[in-house]
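# Results of the structural survey
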Amino acid sequence: MQKFHFQDDGTYPNNKFPVLYYEKAFEHANTMRDVFESNHWRNSWVNGIFPYHHYHSTAHEVLGVMSGHATVLLGGPDGEQLNISRGDVIVLPAGTAHKRIQQSNDFQVLGAYPDGMSFDTKTDKPGEYDQALQQIPNVPIPKQDPVTGNSIWRSLHLSRCSYPQETKTFFQN
C-alpha cells in the first residue's frame, strides 16, 4: 500500500489524512463489492471517473478498478498522476481532488462510501471551497479500511497535521 498526502491549494481542500493506494489489491475484481460491503463501505455504483477535478466534502470514497486501466490525477492540478488498472483500489479522504486524464475503452470503477454515507460532488465553483472547509472536518473517520477491514486512519486522528515519513507530500512551499 502506498500513501499520498495532498495539501490544501486554495481551490481543492484535500485532507490531512492520506490517500491510500492498493496496487493489485484484488486478483478477481468481481469480489470487490462483497469485500467493500463486508467492511461497511456501501452505497456503491459502477461507472467511470469524471474527466474534471472534483471532490466530495461529505464522505470519504473508495474507487476499485473493475476493468480496464486509466491515468488519474489526485490532489488537484499540481498533484500526482497515477496509472491504475484492474484490481487496484484508491481510498480518497473527503476533500481529495481527483480526475481521470485518460482511460481504456473498458475502464470501470466500483465506488462506495463508509456506512453507505451520502456524498456530494464539488468542483472549483465559487462558494464550494468555503462550504467544503466547514463540512470536511465533520466527516467521521471510517471504522474499517475497505480492503483490509483493519482500522483506517485512526492512528492519525489525534495528530491530523503530522505526516508519516513513508508518504509523499505535495504542495509544500
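Everything below is about the structure printed above this text.
A brief structural summary. (Residues numbered from 1 in each chain as written. Predicted model: local features only at pLDDT ≥ 70, side-chain atom pairs only at ≥ 80, totals over all residues. Heavy atoms only, no water.)

## Looking at the overall build of the protein
When you go through the protein residue by residue, the secondary structure sums to 3 helices and 10 strands. From first element to last, N terminus to C terminus, the protein shows the α and β order β-β-α-β-β-β-β-β-β-β-α-α-β. A burial count over the protein gives 51% of its 173 residues as buried. Contacts in the protein between residues at least 24 apart in sequence constitute 76% of all its contacts with a sequence separation of at least 6. Roughly 8400 Å² of accessible area belongs to the protein as shown, and the carbon and sulfur atoms make up 46% of that amount. (Helix = DSSP H or I, 4+ residues; strand = E, 2+ residues; numbered from the N terminus. Buried < 20%, exposed > 50% of the residue type's maximum accessible area, 1.4 Å probe, protein only. Contact = heavy atoms within 4.5 Å. Areas by Shrake-Rupley, 256 points an atom, 1.4 Å probe, with all protein chains shown as cover.)

## Describing helix H2 (residues 128-135)
For H2, every residue scored as buried is listed here: Glu128, Tyr129 and Ala132. All buried residues of H2 fall inside an arc of 95° around its axis, so they share one side. Facing away from the buried side of H2, by more than 90 degrees, are the exposed residues Asp130 and Gln134. (Arc of directions from axis to C-beta.)

## Some words on the side chain of serine 67
Residue position: serine 67 is located in strand S4 (residues 61-67). For serine 67, a relative accessible area of 19% translates into the label buried. Polar contacts involving the side chain of serine 67 include one to the main-chain carbonyl oxygen of aspartate 106, which spans 2.5 Å. With residues near it in sequence (within four places) discarded, serine 67 still touches Arg86, Asp106, Phe107 and Gln108. (Polar contact = N/O pair within 3.5 Å; in protein donor to acceptor, adjacent residues only side chain to side chain.)

## Considering the environment of lysine 16
Among the structural elements, lysine 16 can be located in strand S2 (residues 15-22). Residue lysine 16 is classed as partly exposed on the basis of its relative accessible area, which comes to 37%. Counting along the chain gives 79 residues from lysine 16 to glycine 95, while the straight-line C-alpha distance between them is 9.5 Å.

## What to know about the sheet that holds strand S5 (residues 69-74)
With antiparallel pairing, the 3 strands of this open sheet are ordered in space as S6-S5-S8. Strands with a single pairing partner mark the edges of an open sheet, and in this sheet they are strand S6 (80-85) and strand S8 (98-103). Strand after strand, the sheet turns through a mean of 30° between neighbouring axes, direction not considered. Note that S5 and S6 share 6 bridges and pair antiparallel. Each residue of the ladder has a partner; that of histidine 69, found in S6, is serine 85. (Pairing = 2+ DSSP bridges. Axes fitted to C-alpha atoms, helices over the stretch in contact; angles between N-to-C directions.)

## What to know about the side chain of threonine 71
Looking at where threonine 71 falls in the secondary structure, it is placed in strand S5. Using a relative accessible area of 8% as the deciding quantity, one classes threonine 71 as buried. Engagement of the side chain of threonine 71 in a polar contact is seen with the side chain of asparagine 83, the distance being 2.7 Å. Once residues within four sequence positions are removed from consideration, threonine 71 is found in contact with Gln81, Leu82, Asn83, Lys99, Arg100, Ile101 and Gln102.

## Focus on the packing of aromatic side chains
Scanning the model with the defined rule gives 5 aromatic pairs in all. A ring pair is formed by phenylalanine 4 and phenylalanine 6, whose centres lie 6.4 Å apart and whose planes are at 15°; its orientation type is stacked. Accessibility expressed as a relative area gives 2% for phenylalanine 4, which makes it buried. Residue phenylalanine 6 is classed as buried on the basis of its relative accessible area of 2%. Judged by centre distance (4.9 Å) and plane angle (10°), the ring pair of phenylalanine 50 and tyrosine 52 falls under stacked. Since its relative accessible area comes to 39%, phenylalanine 50 is described here as partly exposed. (Phe/Tyr/Trp six-rings, centres within 6.5 Å; stacked < 30°, edge-to-face > 60°.)

## Focus on the nonpolar core
Membership of the largest hydrophobic core comes to 17 residues, with the highest contact counts inside it found for Phe36, Trp41, Val62, Val89, Val91 and Trp153. Mapped onto this core, the elements with two or more residues apiece are S2, helix H1 (32-38), strand S7 (89-92) and strand S9 (108-114). In terms of residues, this core owes the most to one element, S2, which gives 3 residues. Setting aside residues no more than four positions away along its own chain, valine 91 makes contact with Pro18, Val19, Leu20, Tyr22, Trp41, Glu61, Val62, Pro146, Ile152 and Trp153. (Core = buried A, V, L, I, M, F, W, Y, C linked by side-chain atoms within 4.5 Å.)

Limitation: the analysis is restricted to geometry and does not speak to function.
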